[in-house]
Amino acid sequence: MDDVDRKLVALLRADSRESASALAAKLKVSRGTVQNRLERLIARGVIQGFTIKTRPELEAQRVRAMMCIAIEGERSGAVVKALRGFPEVAAIHTTNGRWDLVAELDTGSLSEFSGALDRIREIEGIASTETSILLATQKM
């Protein structure tokens, strides 16, 4: 990725609905250049998809959390594979320090959240967990 690709990705992160013409004007390149670069970034897997953001108050019942996970021995691969099977797990991150993994959880209600925690904690190879519910998100 060159500087134009990085700027294009940054603009799309801010507003993935922005038109190719508007992106081209901001990047000072042609519309065709933007379209070609987008196609190339998608084909190479740099851009894996587009999504939407909703106002938090529209989904007041959703429960989002970060679950820190300590793994027994060399079971990281098996634990990650098991976590991928949970629709409540939005992302999995490896990390350093006390915890081996951090899982982002996103559920539709507190009861779904509780059930997901119980099922995740039963995964063979998980030694311990610590979960923090995300109460509010500050706009950047």
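Here, residues in each chain are numbered from 1, in the same order as that chain's written sequence. The predicted origin of the model limits local features to residues at a pLDDT of at least 70 and limits the giving and counting of side-chain atom pairs to 80 or more, whereas totals for whole chains, interfaces and linings rest on all residues. To get the side-chain values, take all heavy atoms of the structure and skip hydrogens and water.

Participant: Now, about the nonpolar core: what can you tell me, with residues and values included?
Facilitator: What is meant by a nonpolar core is a set of buried Ala, Val, Leu, Ile, Met, Phe, Trp, Tyr and Cys residues, joined one to another through side-chain atoms within 4.5 Å. Each residue is assigned to one of three classes by its accessible area relative to the maximum for its type, calculated with a 1.4 Å probe on protein chains only: buried under 20%, partly exposed between the two thresholds, exposed over 50%. Core analysis: the largest hydrophobic core is formed by 18 residues, its most contacted members being Ile69, Leu83, Leu105 and Ile120. Numbering of helices and strands runs from the N terminus; a helix is a DSSP stretch of H or I covering at least four residues, while a strand is a stretch of E covering at least two. Looking at this core, the elements with two or more residues in it are β1 (63-71), α4 (76-83), β3 (101-107) and α5 (110-121). Ranked by residues supplied to this core, first place goes to β1 with five residues. The contact criterion used is simple: two residues touch if any of their non-hydrogen atoms lie within 4.5 Å. In this structure, leucine 83 is in contact with Ile69, Val89, Ile92, Leu101, Ile120 and Ile123, ignoring residues within four places of it in sequence. Counting residues in hydrophobic clusters, the runner-up holds 11 residues, among them Val9, Ala20, Val34 and Leu38.

Participant: Please set out the packing of helix α1 (residues 3-14) against helix α3 (residues 31-43) residue by residue, giving values where relevant.
Facilitator: The angle between two axes is taken between their N-to-C directions and runs from 0 to 180 degrees, where each axis is a line fitted to C-alpha atoms and a helix contributes only its stretch in contact. Close contact between α1 and α3 brings their axes to 11 Å; oriented N to C, the two are set at 85°. Considering the angle they form, α1 stands roughly perpendicular to α3. Side by side, α1 and α3 meet where Val4, Asp5, Leu8, Val9 and Leu12 of the first sit next to Val34, Arg37, Leu38, Arg40 and Leu41 of the second. When residues are grouped by polarity, Ala, Val, Leu, Ile, Met, Phe, Trp, Tyr, Cys and Pro land in nonpolar, Asp, Glu, Lys and Arg in charged, and all others, Gly among them, in polar. For the contact of α1 with α3, the residue count by class is seven nonpolar, no polar and three charged. With respect to orientation, any angle under 35 degrees is reported as roughly parallel, any angle over 145 as roughly antiparallel, any angle of 65 to 115 as roughly perpendicular, and every other angle as oblique.

Participant: Can you explain the pattern of salt bridges? Please cite residues and give values.
Facilitator: Just to be clear on terms, a salt bridge is a Lys or Arg side-chain nitrogen sitting within 4 Å of an Asp or Glu carboxyl oxygen. Applying the stated criterion across every chain yields a total of nine salt bridges. A salt bridge links arginine 62 to aspartate 106, with the shortest nitrogen-to-oxygen separation between them at 2.9 Å. A residue pair is termed long-range when its members are at least 10 positions apart, and arginine 62 in the loop between α3 and β1 and aspartate 106 in strand β3 qualify at 44 residues. The exposure class assigned to arginine 62 is partly exposed, which follows from its relative accessible area of 34%. Residue class for aspartate 106 comes out partly exposed when judged on its relative accessible area of 27%. With a closest N to O distance of 3.9 Å, arginine 98 and glutamate 130 form a salt bridge. Here arginine 98, found in the loop between β2 (89-94) and β3, pairs with glutamate 130, found in strand β4 (residues 126-133); they are 32 residues apart in sequence, far enough to count as distant. By sharing partners, the salt bridges in this structure join Asp2, Asp5, Arg37 and Arg40 into a single network.

Participant: An account of α3 is requested, with residue identities and associated values reported.
Facilitator: One full turn of an α-helix is made of 3.6 residues, so residues set three or four places apart face in the same direction. Between its first and last C-alpha, α3 extends 18 Å over 13 residues, near the 18 Å set by a 1.5 Å rise per residue. Elements in contact with the buried residues of α3: α1 and α2 (20-27). Remark: glycine 45 follows α3 within two positions and exhibits a positive phi of approximately 85°. To estimate how far a helix should extend, the number of its residues minus one is multiplied by 1.5 Å.

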